[in-house]
Amino acid sequence: MSSGESIAVVLGRVSTEDTDRVIETIEALDPAVSGERCEIVVADRLQDDLTDRIRRDYPHVKVIDCPPEMTLTEMRTLAFEASTSPIVAVTEDHCVPGPGWATTVKKAFENGGPDLVAVGGSVVNGVTDTGLDWATYLCEYSLFSPPVAQGESPILPGMNVAYRRSALESVPRDLLVSGFWETTVHPLLLERGGKLISLNELVMFHKKRFSWGLFASQRFIYSRYYAGLRFGDATLPKRAAASLASLALPPLLLMRAVKAARAKGLGREMLRASPYLLPLYCVWAVGESVGALKGPGNALAMIE
């Protein structure tokens, strides 16, 4: 770590569409924009021309070559282990921090006391041209659209979150690589008495432009992973019942999304997204149904 870097930003480079968005991420972490010098570590399983460009044009970025079959959670863990800063922030290769983001993270830990182990923020849609753009955002991040809960919160977005390094180092490695940290690590940190806080002023822009095919396939894969993880140790009758119950999800998910969008002032955007959302929720339901019955399979390795 170079002198003055208190925040490491780690991410996995996995996006097969809108793949050069990571350049915006790197440039948004310039101290003139973010407010602080950041240590940037990118675990990369694509290893393409853009990998070479990052190494050439952004030599301060540490790039770790990863095999193409490595899971995103394993890649993030490798990037975390290759970093040295006392604060470790996690984002994704298509997410762009807002101005002053790093300063907000640093001040939160300076003022949060020794029990503070993680800080998260809001997620703003940065790609708004089409109804599909809004559907992919609302399907994933409507809960974290501003305003979010201000202060202590057990729920933080997995791609706009920063941790105290000592807290992450206390987590068994097999837990770090076994799933996404908001579902594997956060419950453990809370169980140990750690404090998680949510800040509206900590803004991350979600800026991936998905095709319908990629987003639908990713929604199925993630839903299978989630349900497979949740019901992996259950008996066959319980898994079969959960699989059947999952098929009732689409109207429930749609009602929840509409309620959340109205509460966030996104009613018009929800209307634009609506032709895409119900089919996506059907894909979501089928993914959970398969995962509950058959387990996650290799879904974790396919998530981008």
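Everything below is about the structure shown above.
Model, not experiment: these values are computed from the prediction.

Colleague: Lay out the overall build of the protein chain with the relevant residues and their values.
Modeller: The secondary structure content of the protein chain amounts to 14 helices and nine strands. On C-alpha atoms alone, the protein chain measures out to a radius of gyration of 19 Å, which is about the 19 Å that the 2.2 N^0.38 rule sets for 304 residues. Considered along the principal axes of its C-alpha atoms, the protein chain spans approximately 55 × 40 × 40 Å. Every one of the 304 residues in the protein chain was classed for burial, and the buried ones make up 55%. A fraction of 81% describes how many contacts in the protein chain between residues 6 or more apart in sequence connect residues 24 or more apart. When the accessible surface of the protein chain is summed, it comes to about 13,000 Å², and 58% of that surface belongs to carbon and sulfur atoms. Considering the protein chain, the positive charge centre built from 31 side chains and the negative charge centre built from 35 side chains are found 6 Å apart.

Colleague: Go over the packing of helix H6 (residues 131–141) against helix H13 (residues 267–294), please, and point to the residues and values.
Modeller: Two quantities define a packed helix pair, namely the angle between the axes and the distance from one axis to the other. Interaxial distance between H6 and H13 falls to 7 Å at its minimum, and their mutual angle equals 60 degrees. Our classification of the angle between H6 and H13 gives oblique. When you trace H6 past H13, the crossing you get is right-handed. From H6, Gly131, Leu132, Trp134, Ala135, Leu138 and Cys139 reach across to H13, where they touch Glu269, Met270, Arg272, Ala273, Tyr276, Leu277, Leu280, Tyr281 and Trp284. Broken down by class, the residue content of the contact of H6 with H13 amounts to 12 nonpolar, one polar and two charged.

Colleague: Which residues make up a nonpolar patch on the surface, and what values do they have?
Modeller: Together, Leu244, Leu247 and Val286 line one region of the surface with nonpolar side chains, adding up to about 290 Å² of accessible area. Within the secondary structure layout, leucine 247 lies in the loop between helix H11 (236–246) and helix H12 (249–263). Assessed through its relative accessible area of 48%, leucine 247 is described here as partly exposed.

Colleague: Account for the pattern of salt bridges, naming residues and giving values.
Modeller: Throughout the structure, instances matching the rule amount to 16 salt bridges. Across the pair aspartate 48 and arginine 13 runs a salt bridge whose closest N-O atoms are separated by 3.0 Å. Remark: arginine 13 occurs in strand S1 (residues 7–13) and aspartate 48 occurs in the loop between strand S2 (38–44) and helix H3 (49–57); sequence separation between them is 35 residues. The exposure class assigned to aspartate 48 is partly exposed, which follows from its relative accessible area of 29%. Overlapping salt bridges, with partners in common, bring together Asp18, Arg21, Glu24 and Lys207 in one network.

Colleague: Pulling in residues and values, what's your account of the packing of aromatic side chains?
Modeller: Scanning all chains against the criterion turns up nine aromatic pairs. A ring pair is formed by tryptophan 212 and tyrosine 276, whose centres lie 6.4 Å apart and whose planes are at 40 degrees; its orientation type is tilted. One end of the pair, tryptophan 212, is in helix H10 (residues 212–231); the other, tyrosine 276, is in helix H13, with 64 residues separating them in the sequence. Relative accessible area serves as the criterion here: at 35%, tryptophan 212 is assigned to the partly exposed category. On the basis of relative accessibility, which here comes to 31%, the residue tyrosine 276 falls in the partly exposed class. Through successive ring pairs, a cluster of aromatic residues spans Phe80, Tyr163 and Trp181. Against the face of tryptophan 284 rests arginine 219, its NZ or CZ located 3.9 Å from the ring centre.

Colleague: Break down the environment of serine 142 for me, with residues and values.
Modeller: Counting through the fold element by element, serine 142 comes out in the loop between H6 and strand S7 (151–152). Separated by 92 residues in sequence, serine 142 and alanine 234 place their C-alpha atoms 30 Å apart. Apart from the residues within four sequence positions on either side, serine 142 is in contact with Tyr137, Ala260 and Lys264. Within the local environment of serine 142, its side chain forms a polar contact with the backbone oxygen of leucine 138, the two atoms lying 3.3 Å apart.

Colleague: Summarise the side chain of serine 243; cite the residues concerned and give the values.
Modeller: Tracing the backbone shows serine 243 in helix H11. Under the relative-accessibility criterion, serine 243 is labelled buried at 8%. At a separation of 2.7 Å, a polar atom in the side chain of serine 243 contacts the side chain of serine 289. Here serine 243 is in contact with Ser289, Ala292 and Leu293, once residues within four sequence places are set aside.

Colleague: Residue-level account of the nonpolar core, with values.
Modeller: Nonpolar side chains in soluble globular proteins tend to end up buried together. Core analysis: the largest hydrophobic core is formed by 56 residues, its most contacted members being Ile7, Ile54, Val61, Trp101, Val105 and Val119. No other element matches H13, which puts seven residues into this core. Counting 33 residues, the second largest nonpolar core, distinct from the first, contains Ala43, Val90, Trp181 and Tyr225.

Colleague: Please give an account of the packing of H11 against H13 that cites residues and values.
Modeller: In contact at an axis separation of 8 Å, H11 and H13 are set at 175 degrees when each is read in the N-to-C sense. As summarised for this structure, H11 and H13 are arranged roughly antiparallel, according to the angle between their axes. The residues of H13 that touch H11, namely those facing Leu236, Arg239, Ala240, Ala242, Ser243 and Ser246, are Ala285, Glu288, Ser289, Ala292 and Leu293.

Colleague: Please set out the side chain of threonine 104 residue by residue, giving values where relevant.
Modeller: Positionally, threonine 104 belongs in helix H5 (residues 101–111). For threonine 104, the contacting residues outside a window of four places in its chain are Leu199, Glu201 and Leu202.

Conventions we followed
Residues numbered from 1 in each chain as written. Predicted model: local features only at pLDDT ≥ 70, side-chain atom pairs only at ≥ 80, totals over all residues. Heavy atoms only, no water. Helix = DSSP H or I, 4+ residues; strand = E, 2+ residues; numbered from the N terminus. Rg over C-alpha atoms; globule rule 2.2 N^0.38 Å. Buried < 20%, exposed > 50% of the residue type's maximum accessible area, 1.4 Å probe, protein only. Contact = heavy atoms within 4.5 Å. Areas by Shrake-Rupley, 256 points an atom, 1.4 Å probe, with all protein chains shown as cover. Lys, Arg positive; Asp, Glu negative; His and termini not counted. Charge placed at Lys NZ, Arg CZ, Asp CG, Glu CD. Axes fitted to C-alpha atoms, helices over the stretch in contact; angles between N-to-C directions. Parallel < 35°, antiparallel > 145°, perpendicular 65-115°, else oblique. Left-handed = near helix turned anticlockwise from the far one by under 90°. Nonpolar A, V, L, I, M, F, W, Y, C, P; charged D, E, K, R; others polar. Patch = residues over 30% accessible without salt bridge, like charges linked within 9 Å, V, L, I, M, F, W, Y side chains within 5 Å. Salt bridge = Lys/Arg side-chain N within 4 Å of Asp/Glu carboxyl O. Phe/Tyr/Trp six-rings, centres within 6.5 Å; stacked < 30°, edge-to-face > 60°. Lys NZ or Arg CZ within 6 Å of the ring centre and 35° of its normal. Polar contact = N/O pair within 3.5 Å; in protein donor to acceptor, adjacent residues only side chain to side chain. Core = buried A, V, L, I, M, F, W, Y, C linked by side-chain atoms within 4.5 Å.

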